[in-house]
Amino acid sequence: MRHDAHGFWIAEAGSPDVLAPLTGDHRADVVVVGGGYTGLWTAWHVLAAEPDADVVVLEGGRCGHGPSGRNGGFVSSMDLSAPALRRAYGDADAQAWLAAARETVDALGAWCEAERVDAWYRRGGELCVRTAPAQGRVAAEAVDGERVLGQSAAEARARCASPVFGDGVFVRAVATVHPARLAFGLRERLLARGARIFEGSRAVGMRPVPAGIAVRTARGEVRAATAVLAVNASTGTLAPLRNRLTVSSSHILCTEPVPDVLEALGWDGGEAISDARSLLHYTRTTRDGRILFGWAGGRMAAGARSRGRMEVDRQVVEQIRRDLVRFFPQLEGRRMAHAWGGPIDVSPTHRPAIVGLPALSAWAAFGFTGNGVGPAHLFGRTLAALALDRRDGVTRLPFVDPPPRRVPPEPLRIAGAAVIRRALVRKEAAEEAGRRPDAISAGLATLPGLLGLHVVR
Ligand SMILES: Cc1cc2nc3c(=O)[nH]c(=O)nc-3n(C[C@H](O)[C@H](O)[C@H](O)COP(=O)(O)OP(=O)(O)OC[C@H]3O[C@@H](n4cnc5c(N)ncnc54)[C@H](O)[C@@H]3O)c2cc1C
């Protein structure tokens, strides 16, 4: 098996050949900047609605080599965020978003089947468990009518017999995928549909032109009626959106195949599992019998930088290895096949948004906050409708042009975020060890709430 510099498992899916960069001047109906799920689904939905449309995708590196190809593969509905959505938008709008998010989980599976993309889609639901008494409130708050079932600790452990699992909730409308297989499959199907995708084509400038917008790369330019900006953690490099995000990181470990451990745990239902921390752990099985285990507690990045320790942080990986064995003691001494990380576009509301930039004839989508696999499909559908100026039910959902929420400017942002992150790490580790968190960490951990920033789902 081949792997790249990060050692991530996309090599298993067979990394496709690189596409040529943009050179010269081009015209298109829609130009999409960013070849992750959001950009690729946008292109897909534009072509689904308008098969003759001329769609250009500009990807700075290679499609699917960002977080879209190397995430945990949880295809989540928004059910675990239901209470927060209701508080923010009221019942009717929250319900509309929740229903669309649930439909998306199924739509993704149906797409894989119809397009014969073997992305290892499995609809096994998500178990969100308490691994310390202090997490109880979060899990209980997430209960959402018939969609989510309360689980006693015994019921949770019947799904997966981890000694750290307490009670929790079970959300039905969640699936898992192999992220790179999905991203590469989508890229391939788009090429077959006639989208023009240019890799190694970072957008370095945008300007309004009479018929819309011109997007420039190092060696070429595309003029289009509308642009869709889907650059995730790099959104802060776009001047009008500079202070809309904080960038943090998440890391993942993937074991060698461990069918014996899965059998001992009784973990055979394909459930995605997360704990109810703010800096949550997330874990799942894979079709080839591995356990994938991630932690959303990686370091924060200054500005929109997303290299270095955002990508691979040895210290964080070592911490995750210890947590993995605490969750599943049978893994002591077993080989870890891969470890990798990636940037997370953390929105101050914990919810993603689509924002119109009328002066540029552009729409931008960002702020998935570690939950983008399912939502990017819904956002792609919405962005396509907006780009084609065909308003419908999805374009009226409350994530389109919500009231702007900003984060403090740099260097204040990185200083504050790093202090709060460290406090949360200490507080949640103490809670899990059955200790009382120290007063300073506990106090600092309440700061985001006092500042109106939302750090839990
Ligand atoms: C370790 C990790 C685990 C995760 N686990 C999950 C999970 O289990 N479930 C879940 O729902 N979400 C998860 N996420 C989040 C999820 O991966 C993202 O929300 C989702 O992939 C976002 O898709 P995107 O297309 O918006 O962004 P990306 O995949 O980041 O794509 C953006 C693309 O834009 C390109 N780009 C940037 N700047 C430019 C430019 N100027 N010009 C051209 N191209 C540019 C980048 O190269 C990149 O390919 C995880 C993220 C990480 C890092």
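Before any of the text, the structure's been laid out above.
Please read all numbers here as calculations on a predicted model, not as lab measurements.

What follows deals with unusual backbone geometry. Of note in this structure, R116 is not a glycine but carries a positive phi near 50 degrees. Residue position: R116 is located in the loop between α3 (91–114) and β4 (126–129). Look at W120: it is not a glycine, yet its phi comes out positive at around 60 degrees. Judged by its relative accessible area of 10%, W120 falls in the buried class.

This part covers the packing of aromatic side chains. Applying the stated criterion to the full structure yields 12 aromatic pairs. Aromatic side chains W97 and F399 sit 5.0 Å apart centroid to centroid with 70 degrees between the ring planes, which places their arrangement in the edge-to-face category. One end of the pair, W97, is in helix α3; the other, F399, is in the loop between α9 (373–387) and α10 (412–432), and 302 residues separate them in sequence. Note on F327 and F328: the rings are 6.0 Å apart at their centroids and 70 degrees apart in plane angle, and the pair reads as edge-to-face. Judged by relative accessible area, which is 2%, F327 ranks as buried. Through a chain of ring-to-ring contacts, three or more aromatic side chains come together here, namely Y89, W97, F368, F379 and F399. Taking the ring centre of F170 as reference, the NZ or CZ of R159 above it sits at 3.7 Å.

Our focus in this paragraph is the pairing of strand β11 (residues 220–229). Burial analysis of β11 places 8 of its 10 residues in the buried class, which makes it a mostly covered element. Pairing geometry for strand β1 (residues 24–33) and β11, over 9 bridges, is parallel. Counted as the bridge partner of G24 is G220 from β11. Where strand β10 (residues 212–216) and β11 come together, 4 bridges link them in antiparallel fashion. Bridge pairing in β11 places R216 opposite E221. The turn linking β10 back onto β11 is made up of 3 residues. In this structure, β11 lies alongside strand β18 (residues 362–366), joined through 3 bridges in parallel fashion.

Here is what the cut-offs are and how they apply
Per chain, residue numbering runs from 1 following the sequence as it is written. With pLDDT at 70 or above as the cut-off, local features in this predicted model cover only qualifying residues; side-chain atom pairs require 80 or more to be listed or tallied, and sums for whole chains, interfaces and linings still use all residues. Excluded from the side-chain calculations are hydrogens and water; all other atoms, namely the structure's heavy atoms, are used. A helix here means a DSSP run of H or I that spans at least four residues, while a strand means a run of E at least two residues long, and both kinds are numbered starting from the N terminus. Think of it in three bands: with a 1.4 Å probe and only protein chains considered, a residue is buried below 20% of the maximum accessible area for its type, exposed above 50%, and partly exposed in between. Here the aromatic set is Phe, Tyr and Trp, taking the six-membered ring for Trp, and pairing holds for ring centres within 6.5 Å; pairs whose planes are under 30 degrees apart are stacked, those over 60 apart are edge-to-face, and all others are tilted. A ring has a charge above it when a Lys NZ or an Arg CZ is no more than 6 Å from the ring centre and no more than 35 degrees off the ring normal. Two strands form a pair only when DSSP identifies at least two bridges running between them.

Purely spatial values, then, with no claim about function.
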